[in-house]
4 protein chains.
Amino acid sequence: MSFNTFGRVFRFTTWGESHGPALGATVDGVPPGVPLDEGFIQAFLDRRRPGTSKHTTQRREPDQVRILSGVFEGVTTGTPIQLMIENTDQRSKDYGDIATSFRPGHADITYHLKYGVRDYRGGGRSSARETAARVAAGAVAQAVLGALVPDLRIIGYMVQMGAMRLDRSRLDLSAVDGNPFFLPDTGAVQAWSDYLDGIRKDQNSVGAALEVLVQGCPPGLGAPVYAKLDTDLAAAMMSINAVKAVEIGEGMASAGLTGVDNADEIRMGPDGPEFLSNHAGGILGGISTGQDIVVRFAIKPTSSITTPRRSINARGEEIDVITKGRHDPCVGIRAVPVAEAMAACVILDHLLMDRAQTGGVRGQIG
Amino acid sequence: MSFNTFGRVFRFTTWGESHGPALGATVDGVPPGVPLDEGFIQAFLDRRRPGTSKHTTQRREPDQVRILSGVFEGVTTGTPIQLMIENTDQRSKDYGDIATSFRPGHADITYHLKYGVRDYRGGGRSSARETAARVAAGAVAQAVLGALVPDLRIIGYMVQMGAMRLDRSRLDLSAVDGNPFFLPDTGAVQAWSDYLDGIRKDQNSVGAALEVLVQGCPPGLGAPVYAKLDTDLAAAMMSINAVKAVEIGEGMASAGLTGVDNADEIRMGPDGPEFLSNHAGGILGGISTGQDIVVRFAIKPTSSITTPRRSINARGEEIDVITKGRHDPCVGIRAVPVAEAMAACVILDHLLMDRAQTGGVRGQIG
Amino acid sequence: MSFNTFGRVFRFTTWGESHGPALGATVDGVPPGVPLDEGFIQAFLDRRRPGTSKHTTQRREPDQVRILSGVFEGVTTGTPIQLMIENTDQRSKDYGDIATSFRPGHADITYHLKYGVRDYRGGGRSSARETAARVAAGAVAQAVLGALVPDLRIIGYMVQMGAMRLDRSRLDLSAVDGNPFFLPDTGAVQAWSDYLDGIRKDQNSVGAALEVLVQGCPPGLGAPVYAKLDTDLAAAMMSINAVKAVEIGEGMASAGLTGVDNADEIRMGPDGPEFLSNHAGGILGGISTGQDIVVRFAIKPTSSITTPRRSINARGEEIDVITKGRHDPCVGIRAVPVAEAMAACVILDHLLMDRAQTGGVRGQIG
Amino acid sequence: MSFNTFGRVFRFTTWGESHGPALGATVDGVPPGVPLDEGFIQAFLDRRRPGTSKHTTQRREPDQVRILSGVFEGVTTGTPIQLMIENTDQRSKDYGDIATSFRPGHADITYHLKYGVRDYRGGGRSSARETAARVAAGAVAQAVLGALVPDLRIIGYMVQMGAMRLDRSRLDLSAVDGNPFFLPDTGAVQAWSDYLDGIRKDQNSVGAALEVLVQGCPPGLGAPVYAKLDTDLAAAMMSINAVKAVEIGEGMASAGLTGVDNADEIRMGPDGPEFLSNHAGGILGGISTGQDIVVRFAIKPTSSITTPRRSINARGEEIDVITKGRHDPCVGIRAVPVAEAMAACVILDHLLMDRAQTGGVRGQIG
C-alpha cells in the first residue's frame, strides 16, 4: 500500500512540505551502473524553477538538489537514491490567514477534515512544491532510460491556456524550450503573454491543457487489465496537483468516433509493422505499439487568487478569502517538466517490469 | 507489484479468458460479518449481461456466478472470496481468422509482440468478458459499502454515443434503468436506438461517454499525492477496456476556466460546510469533500467491425481484416455497470485505508 | 498490501476453505511461453496428498487440479493462471463440536476473536488443506524455473520428528522419495515408523524439523535489507501452518560460533570463486552466493489430538476438548512438498526481480 | 514491490550508506495527531549508539536525527516523515583494502556479483549503520503505539553470546538497561564482559542470540496465511544484518514436542480467556492471542575480524584478508534496540491493518 509512493519496480516516495526544512524523493529499484550526478538532475529542476519569468511566482527558490545515497563514484549502485532539496525562501508570514481559513477550490478543507491537523504554511504537503521532488525522481528515470533506450525522447508542451489554444497546424516541437510557456509555436508567444498579463491584472488565474509525447518507446511495454500502460500514465498525470482530466490519443473525442474512422490500419514497412494513423495514442490493450505515445491533461486554475471568494474558517465562521502571497496565475505552465518526469517514471517502470516477465523478448512478425 | 490486481486494502485479481473454461475474481481484504450471497452478486451481473437487447452482442451468456470461498452461513468471513463464472457459450469457430491476423485498433498485435503467444479465441484476456469479473468484485464492494455507509449510492449512465449527446437540462436519474442505453432521459431513447441501428447496418461501431456519480460519499476519503481519490478513480476507469480518457468534475474544460469562475465557494449549512457549486467533482487535493463525486470517461468504438480494414498478420503479410462474430456496435453501453463496480471498489478501498490511518475520525469545523 | 498473497513479481493468492466447494491459487506474473499442463502440476500435488500411508490422515482427497486460465495450447500466456482443486471428501459432521469450542494450540480462538465468525468445518481457512494450493502454485514456479535455470533443483526432507533425529553422516538424498517420511536415510525408516505408531496409539501427535536444499541457484539473487533472499525464505516457511522457527545455514547455532570458525573462506576454482565451507547457507548480505541454499524449519505437533485438553467455548464455558476426525499425528511430514513449493516460488520471484533491476547481468571476477 | 521498504500500511524505506553524507528512513502511513519530536526519537538512537562501552566499535557517531517533514507544531500530520542522520565520522581511509577484496562471510562478494559496483567504504549499504535508520523509524512506531495502545511494551535482551547463555531462572527484565549487554541478569555481566574481552584479544568475534518480548499486545492482530503476525516478525528479524534464524515461542524445540505437551490450555479468567502456558509465543494461526509475544533470533559473529582468512579479490587473485578498522566483536549487542524497533513497526502495521479490515472490533466470548 502506498500513500506517497509511485511505481512498482522503479519506485519513488516523495516527502516534505512547502515550508519545512527540506523536501525530496526516495528512489528505489534503480538499476546499477548508470552514470548520474547532481548536475544532471539539476538541469531538470532548473526547467521547473519558479521565478524565471514574470509569468510564474516570484518566490525565489534555487532548488538545489543533493544526492544523499545510492550513487558512488559517479554511478548508481542499485541501492536507494535519496534526493533532497532544502527550502531556503520560506517567508511564511505571508500565509498567516490561511492557518484557520479554507481557500475555495483548495485542499485546505479536505486536509483539515481528514487529518484534523495540517501544515498550513504555503499549502504544506498540498503545495505544488512537492512536484520539485517528482522532477528530481524523473531525472533519475531519464538517466536510466538514456542508458537503456537511447532513442527514447519525452517532450511536454502546452496546448491550451484559458481561452488560448495551440494551432496544431503550426506545431513546432523545437520551439518548446524557447519561451516561458513551453509553447510549440513561437509566433503565438506574444499573444499568450498578453493574455496572461490580463488574467494577472484582473487578480484572477487560469487553467491549462498540456500534452506529453513519448517518441521512440519500444513496443510491448504495459500489461493487460490493471497494469495497462495507459492506466499508469493516467494515474501519473492525475496525481499531479490540480489535474482534472487525462486523455490518451483521441481521448474524450473517442466518444464521437466510429469504428471505421478510429481504426489505425497497419501495413508492413521496411522495419516491421507500420501504423497508418495514431488515434490510439500509441497504446493498444494497455501495451505500447511502438508508435508515439500521446498523453494530454487539464489543470484547473490556481485556487489561490486575490479576488475575494466566500468561504468559512475552522471555527465555522463565514468569511471572505483573499490569498495574498506569490502565486502563479497559471500553475499549468510549471507542470510541463513535472508531466515529463512522471511519464519518464512510468515508461521506465514498465520497461523494468517487462524485463522481469518476458526478459524483454518480443514476439516475431514475419 | 500487480499486473492483474486492483486495489490496496480491498483488492481483487481478475483471471480468465473469453473462451477458456471459466473466469472470475479473487477478492481479498473483505471485512468479516457482511451478509453476502450469490443472488446479490448475480443481480449486478444481470445488468451487464449481453444478449438482453438488440443493441448488445447476441452471445448468450447466463454469467452465473458461484462463490467458492470466503462466505460461510451467509456472511463474509474476512478470508479471500473466490468468484467464478463458467463460460458456457464458446462458439470459438467464429474466431478462426483471428488466430494469425491483427485487428486494427485491437490488442491482438501488442499481445503478440509482448508475449509471443496469446489466446486468440474471442480476444482471450483482452475481451470485454473480463469485465464480468469486475462487476462481480464490485458487487462485493457494494455489499460492504451497504453495511458501512448505507446512504452511499453509485449511479452510472451514458452521456454520449457518437453523435448523440445527453441534453443535461433533461437529466433524470430515475430513467437510467428503464432503457437499454442506461440513458437518464427517457424521451431520447428512441433517437439513440435509431442512431445505433444505423451504425450497425453500416457495419460500423461507435464510441461513447459515460458518467458515474457517487452520492453520499463521506468526506476525508483519499490521500495527498499518489493515493489521491481521483488518481485511483482515473486508474480504475482507464483500466476498463477501450477507455481513452477520464475526467473529474469539470475535466478537460478546466483548462478554459478562470480561478474566479472555478472556485467552489463555501458557506455554513445546518449540518456543516456547504459548497455552492461543484466544479471540483467532489474531490479537493485528492480527498473527498462530501459533495457528489463526478467521474466521466470516454470509450472508443469497438474495433471488431465487419467493414474491411487494412492490416497484417503474424507472417508479416498485408491483409484485409473483417471481424465476423457477435460484437457490440457500442461497447460503451455495457461499460455502465462495470464503471459503477470500479467506483464501488475504489470508494471502499479508500474507506478501509482511511480507517487504517485515521481510524475514521474527522477534523472538526465549528 | 496482501493478506493472502505471496510474492512480488511472481505472485500467488490462495483462496478456499477446507470444507468449501473448492480451493486454489491465482498465480500472476508468470512469464509467457512456458510449457505447462495439469499433469505436471498434479505430480507435485500427488506427493503431498494425504491418505497415502498410515502415517497421514485417512481423509481421501484426490486433489485433482484444474487449470482455468492463463495456459493456451500447452503453454503459459503471461496472464493469470487460476488453479482450482475441488473438495470432494467433506465429511463435515465429524467436526460438529468445533463450531463452538476452541482447540488448545489451534487458530480457532484467534479467528473467533479477530473476525467474530469463522468457517469451523475442518479448520476452514486455517486448515493445512490451504497448502495444496501452495503446492499447485509452486509447481508453476518449478515449470518456469525448469525453463530458465534447468540445473536448479529443490529438495526437501525431514531431519527430525519428535525424539527421532536424522544422523547426518548417513544423509542420502536419493532415499527421500522412497519412504513415507521424506527421510534421507533408508536405514532409519523402520525406527521412525515404529516411533510414530507409538505416538498415534498414545492419542498424541509430534513436531518435526525439515530442511530444504536449493542446488544450482545462480549467484546474485536477493537484495539488501528488506528484500533479502533469506528474509523472503523465512517469511515463506513461517507462513506455512504450524511453523515456529526458520534457520538459514548454521541458524540458531550461529549464536555460539566465533568469527574465525564461521568464515566461509574463498578460493578460485576453475569456474570462478569457490567457497571452502557453507556456514552461511548460500546467502551473504541477503544475496545468493551460488552455493547450496540451506533452509531449515520446525513444525509444532498437530493441535488436534484425541487426548482431552482443557479449554473454553464461545460462550465462555470451561470444557474439555477432544478432537475427533482424521488428523495427521505429524503434520510435518506433508509439509515437505509445501516447503519445496514455497522455496521454488521465492527463488523464481527473485530471479524475475533480478531481471528487472540488473537485467540478470553479473559483476565480473578475474 | 519493495527492495528497501518494510511494512504495509505503516511503511518505511531506509536509505543511505555507511560513509555517504547521510542515511535515514522515509516513514509513511503514520496516523495524524500523534505527538513527536526529535528528542523522543533520539532517545531510541542513543540506546543503539556505538562507542558507549569498550564492547562496541569505537567509531564515534553522535547519530543526531533530524525530522525533515511530516511533523508540524509537535504532532504528526499524516504525511511522510523523513528522518535523516548525517554521517560525521567517516574515516574512510581505514577501509582501503576492502575496495577490491572480499571479506569471507561478508556481503562484499555478493554485492559485487549482483550489482558490479558497490560503495565499499564501511560496507556501504550492507553496513550495520543502516540499522540506525530502523531504530529511528521504530521510534515513530513506538510513539504511535504509545498513543493507541498505552499498555503495550516491547523489551529486547540478549540470551546468548557465544559460549555464554542466560540462566533463565535468573531472568530479571529490570536489569536490561543497566549493563552494556542488555542482559537481564546483573550477576552475569562480569562473566560476559570477561568472555568478550577474551574474544577481542584473540582478534576474533562471536555470535549472539536475542529475545524480544511484546507485553500487552491486543488479541486479533495478524492474518491467516501470508500476512501472519509471526511471518512478518520473522521477516522483520531476518532482515536485520547477520541474522541467521528466527524462533517464535518454542521455536526449533517444537520439533521435539508432543501435542499433549505443546497444547496451551485455556481457562476463563476474570477478564476473559486465560492461557495456562505459552508454548505458542502469543500467536496462533498467525494471529495474536493477547499473551506475551516471544521472538528469538540468532546473529552470526562479525565477519570483519583481524585474524587473517583466505579469500580472493575482484581480479580473481587469492589473498589473505585482515579487516582493520573499528568493528564490534559482537554485533549482536547493538541489535537489541534494532529488534525492538522492528517489532514495534510490525505490531503497529498489523494494528493499522486490523483497523482497516475489522474496524478493530473483536469477536465476543461469553
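What you see is a predicted model; the values in this text were computed from it and never measured. (Residues numbered from 1 in each chain as written. Chains lettered and ligands numbered in written order. Predicted model: local features only at pLDDT ≥ 70, side-chain atom pairs only at ≥ 80, totals over all residues. Heavy atoms only, no water.)

Chemist: Looking at this structure, I do not really get the overall build of chain A. What am I missing?
Modeler: Check the secondary structure of chain A and you find 7 helices and 18 strands. Its C-alpha atoms give chain A a radius of gyration of 21 Å, near enough to 21 Å, the size a compact globule of 366 residues would have. Along the longest, intermediate and shortest principal axes, the C-alpha atoms of chain A span 70 × 50 × 35 Å. Residues counted as buried form 70% of the 366 residues belonging to chain A. Partitioning the contacts of chain A with sequence separation of at least 6, the portion at a separation of at least 24 is 70%. In the form shown here, chain A has an accessible surface area of approximately 10700 Å², with 49% of it arising from carbon and sulfur atoms. (Helix = DSSP H or I, 4+ residues; strand = E, 2+ residues; numbered from the N terminus. Rg over C-alpha atoms; globule rule 2.2 N^0.38 Å. Buried < 20%, exposed > 50% of the residue type's maximum accessible area, 1.4 Å probe, protein only. Contact = heavy atoms within 4.5 Å. Areas by Shrake-Rupley, 256 points an atom, 1.4 Å probe, with all protein chains shown as cover.)

Chemist: Can you help me understand the UniProt feature "binding site: NADP(+)" (unreviewed entry) in chain A in this one?
Modeler: Residue and element names in this part refer to chain A. The positions that UniProt labels "binding site: NADP(+)" (unreviewed entry) are, in the present scheme, R48 and K54. Counting through the fold element by element, R48 comes out in helix α1 (residues 38-48). By relative accessible area, which is 1% here, R48 ends up buried. In this structure R48 touches D63, A128, R129, T131, A132, V135, R334, P337 and V338, once residues within four positions along its chain are discounted. Within the secondary structure layout, K54 lies in the loop between α1 and β4 (65-67). (UniProt positions renumbered as here; feature names shortened; annotations may be inferred.)

Chemist: I tried to follow the interface of chain A and chain D on my own but got confused; where do I start?
Modeler: Note: interface size is frequently given as the accessible area lost on complex formation between the parts. Opposite the 40 residues of chain A that make contact, chain D presents 40 residues. Of the roughly 3300 Å² buried at the junction of chain A and chain D (both faces included), carbon and sulfur atoms supply 63%. Counting every contact that joins chain A to chain D gives 0 salt bridges. Inspection of the region where chain A meets chain D yields 9 residue pairs in polar contact (both at pLDDT 80 or more). Class assignment of the residues belonging to the side of chain A that touches chain D gives a composition of 16 nonpolar, 14 polar and 10 charged. (Buried area = accessible area lost by both parts, 1.4 Å probe. Salt bridge = Lys/Arg side-chain N within 4 Å of Asp/Glu carboxyl O. Polar contact = N/O pair within 3.5 Å; in protein donor to acceptor, adjacent residues only side chain to side chain. Nonpolar A, V, L, I, M, F, W, Y, C, P; charged D, E, K, R; others polar.)

Chemist: Got a minute to help me understand the sheet that holds strand β4 (residues 65-67) of chain C in this structure?
Modeler: What holds strands together in a sheet is hydrogen bonding between their backbones, with the strands either parallel or antiparallel. Residue and element names in this part refer to chain C. Taken in spatial order, the 5 strands make up an open sheet running β1-β2-β3-β7-β4, and their pairing is antiparallel. With one partner strand each, in any of the chains shown, β1 (5-6) and β4 form the two edges of the open sheet. Relative to strand β2 (residues 11-16), β1 runs antiparallel, the two sharing 2 bridges. Each residue of the ladder has a partner; that of F6, found in β2, is F12. Across the face of the sheet, helix α1 (residues 38-48) comes into contact with β4 and β7 (81-86) while running at roughly 150 degrees to β4. (Pairing = 2+ DSSP bridges. Axes fitted to C-alpha atoms, helices over the stretch in contact; angles between N-to-C directions.)

Chemist: Looking at this structure, how should I read the environment of A191 of chain A?
Modeler: With respect to the helices and strands, A191 of chain A occurs in helix α4 (residues 189-201). A C-alpha to C-alpha distance of 39 Å links A191 of chain A and E318 of chain A, two positions 127 residues apart in sequence.

Chemist: Where do I start with the UniProt feature "binding site: FMN" (unreviewed entry) in chain A in this structure?
Modeler: Residues and elements named next belong to chain A. In this numbering, the UniProt entry assigns the feature "binding site: FMN" (unreviewed entry) to R125, S126, S127, N241, A242, G285, K300, P301, T302, S303, S304 and R326. Residue placement: S303 occurs in the loop between β16 (293-299) and β17 (309-312). Its relative accessible area of 18% is what places S303 among the buried residues. Apart from the residues lying within four places of it in its own chain, the contact partners of S303 are P104, G105 and H106.

Chemist: Teacher, can you tell me more about the interface of chain B and chain A here?
Modeler: Listed per partner, the contact involves 115 residues of chain B and 117 residues of chain A. For the pair chain B and chain A, the summed buried surface comes to about 9300 Å²; carbon and sulfur atoms form 62% of the total. Three residues stand out in chain B for area buried against chain A, namely K114, Y226 and K244 of chain B, and they jointly supply 10% of the buried area on that side. Run the count over chain B and chain A and you get 8 salt bridges. Between E265 of chain A and R310 of chain B there is a salt bridge, with its nearest N and O atoms 3.1 Å apart. Where chain B touches chain A, the interface holds 59 residue pairs in polar contact (both at pLDDT 80 or more). At 7 residues, helix α2 (residues 108-115) of chain B tops the list of elements feeding residues into the side of chain B that touches chain A. Tallied by class, residues from the side of chain B that touches chain A come to 58 nonpolar, 38 polar and 19 charged. In this structure, strand β11 (residues 243-248) of chain A lies alongside strand β11 (residues 243-248) of chain B, joined through 3 bridges in antiparallel fashion. Opposite V246 of chain A, over in β11 of chain B, you have V246 of chain B as the bridge partner.

Chemist: Looking at this structure, I do not really get the relation of the copies chain B and chain A. What am I missing?
Modeler: One copy of the chain maps onto the other through a rotation about an axis plus a displacement along that axis. For the pair chain B and chain A, the best superposition has an RMSD of 0.0 Å and corresponds to a rotation of 180 degrees with a translation of 0.0 Å parallel to the axis. Taken together, the turn and the small shift mark the pair as related by a two-fold rotation axis. Mapped onto chain A, 100% of the interface residues of chain B are again interface residues, and the two copies thus contact each other with one and the same surface. (Least-squares fit on C-alpha atoms with pLDDT ≥ 70 in both.)

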